[in-house]
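In case you want the letters, here they are:
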Amino acid sequence: MPELADVEGFRRVFNDHVRGAVRAVRVRDAQVVRHTSRRTLAKALEGQRFDAARRHGKWLIAPVHGSDDAVLLHFGMTGSLEWADAHEQEHRHDRVVLAFDDGELRYRDMRKLEGLHLTRGDTARDRVLGDLGVDATEVTREHLYDLLAHRDRQVKAVLMDQYEIAGLGTLLVDEILWRARIHPRTRASALSAQDCGRLHARMRTVLRHAIDAGRVPPRDSWLTGHRDDDPGTCPRCGSTLSHGRVGSRSTAWCSRCQPEPNK
Ligand SMILES: [Zn+2]
């Protein structure tokens, strides 16, 4: 499932390739086109250029050059953004294709939970993005402590809540908590300033590596490299990993490195 790091990868795909004007917009599945029709989308984009895309949380925002229009992309559970040669056959899950002189940008998504929005003006854009929290790459240590200290919820639920902090999904959060030696069910408000400092430092490290990789890398020294094993062993202490649901999300942790709170 695409998280902040994957969307950073899509942002690089966009910014590395998209140069000239859009020659054609091909909507293969109108279900993913939100807040507009396929005709309006084509009319708004054909002949136009884009400014550099930016990311906020799990959203990619591509402003249309010289206008208030923007294309907003969310990748749901299965989405991606691919650059392809025009001669390359489209994938059956390519839902929207923007054709340029030197190639095509393809929005691919199997499950179509989210989609591609065309927003006209800042207000429309802000309405789609809603009240997203600060991007996870910009959270300061003080902000994190202040946020967690006032939340009487499980720390994993707070970190995954896009309206608190934007961009983290289950892989990133599990990896960060495992490194910080914090159990995912710990009450956020029960964390000390020291715990939060450690959490923040580990978050920075994990995000840096994941952004470089364009995904949460399943390295041998990472929890992510072992969480899909059955049951898998902790790469730090060799204990058997624990698996369960925290909130409604499947979660992996090491019971030895991350002791259950109140025990
Ligand atoms: Zn361990």
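Residues numbered from 1 in each chain as written. Predicted model: local features only at pLDDT ≥ 70, side-chain atom pairs only at ≥ 80, totals over all residues. Heavy atoms only, no water.

> Got a minute to help me understand the coordination of the zinc ion in this structure?
Metal coordination angles have textbook ideals: 109.5 degrees for a tetrahedral set of four donors and 90 or 180 degrees for an octahedral set of six. Surrounding the zinc ion are the protein donor atoms Cys234 (SG), Cys237 (SG), Cys254 (SG) and Cys257 (SG), at 2.2 to 2.4 Å. Classification of the site at the zinc ion as tetrahedral follows from its four donor atoms and the range of 102 to 114 degrees in their angles at the metal. Sequence positions of the donors to the zinc ion reduce to the motif C-x2-C-x16-C-x2-C. Given the relative accessible area of 26%, Cys237 is considered partly exposed. (Donors = N, O, S within 2.8 Å, 3.2 Å for Na, K, Ca; no water. Tetrahedral: all angles 85-135°; square planar, octahedral: opposite > 155°, others 65-115°. Buried < 20%, exposed > 50% of the residue type's maximum accessible area, 1.4 Å probe, protein only.)

> Whenever I open this one, the layout of surface pockets confuses me. Can you help?
Take a probe with the size of a water molecule and roll it over the atoms, and the empty space left behind shows itself. Estimates place the volume of the largest pocket at around 310 Å³. Together, 17 residues line the largest pocket, and Lys58, Trp59, His74, Glu114 and Gln162 are the ones closest to its centre. Residues belonging to the lining of the largest pocket are distributed by class as follows: nine nonpolar, five polar and three charged. Both domain 1 (4-129) and domain 2 (134-253) contribute no fewer than three residues apiece to the lining of the largest pocket. (1 Å grid on protein atoms, 1.4 Å probe; cavity = no way out; pocket = protein on both sides within 12 Å on 5 of 7 lines; lining within 4 Å. Points joined across faces, edges and corners; volume = space filled by probe spheres on them. Nonpolar A, V, L, I, M, F, W, Y, C, P; charged D, E, K, R; others polar. Domains from an automatic or database assignment.)

> Just checking my understanding: could you explain the sheet that holds strand β4 (residues 59-63) for this structure?
Each strand in a sheet pairs with another by means of backbone hydrogen bonds, the pair being arranged parallel or else antiparallel. Pairing is mixed in the open sheet, where five strands are placed in the order β2-β9-β5-β4-β3. Each end of this open sheet is capped by a strand with a single partner; those strands are β2 (33-34) and β3 (54-56). By the bridge criterion, three bridges tie β3 to β4 in an arrangement that is antiparallel. By the bridge assignment, His56 is partnered in β4 with Trp59. (Pairing = 2+ DSSP bridges. Helix = DSSP H or I, 4+ residues; strand = E, 2+ residues; numbered from the N terminus.)

> Looking at this model, I keep getting lost on the sheet that holds strand β7 (residues 94-100). Mind explaining?
What the four strands build is an open sheet, ordered β1-β7-β8-β6; its pairing is antiparallel. With one partner strand each, in any of the chains shown, β1 (24-27) and β6 (80-84) form the two edges of the open sheet. On average, each strand axis in the sheet is tilted by 15 degrees relative to the strand beside it, whichever way the strands run. The sheet contact formed by β1 and β7 spans four bridges and is antiparallel. Looking across to β7, one finds that Val27 is bridged to Val96. Those strands touched by helix α2 (residues 38-45) are β1 and β7, and its axis lies near 160 degrees from that of β1. (Axes fitted to C-alpha atoms, helices over the stretch in contact; angles between N-to-C directions. Contact = heavy atoms within 4.5 Å.)

> Whenever I open this one, empty space enclosed by the protein confuses me. Can you help?
Applying the stated criterion to the full structure yields one cavity of 30 Å³ or more. Around the largest cavity sit 13 residues that line it, and Leu73, Leu81, Leu98, Leu105 and Leu116 are the ones nearest its centre. Looking at the lining of the largest cavity, the elements with two or more residues in it are β5 (69-74), β7 and β8 (103-108). Looking at side-chain class alone, the lining of the largest cavity contains twelve nonpolar, no polar and one charged residues.

> I would appreciate a short explanation of the domain arrangement of the chain in the present structure.
Reports of interface size often rely on the accessible area that becomes lost once the parts have come together. Split into domains, the chain comes out as domain 1 (4-129) and domain 2 (134-253). Computed from C-alpha coordinates alone, the two centres of domain 1 and domain 2 are separated by 30 Å. Contact between domain 1 and domain 2 buries roughly 950 Å² in total, counting both sides, with carbon and sulfur atoms accounting for 59%. Of all residues in domain 1, Leu4, Ala5 and Lys58 give up the largest surface area on contact with domain 2, accounting jointly for 49% of the area buried on that side. Our count for the domain 1 to domain 2 interface comes out at one salt bridge. (Buried area = accessible area lost by both parts, 1.4 Å probe. Salt bridge = Lys/Arg side-chain N within 4 Å of Asp/Glu carboxyl O.)

> What exactly am I supposed to notice about the pairing of strand β9 (residues 116-120) here?
Within a regular strand, the side chains alternate between the two sheet faces. Counting buried residues along β9, four of its five residues qualify, which places the element largely inside the surrounding structure. With two bridges joining them, β2 and β9 adopt parallel strand pairing. Paired with Val33 across the bridge in β9 is Leu116. Note: β5 against β9, five bridges, orientation antiparallel. Within β9, the position partnered with Leu73 by the bridge is Leu116.

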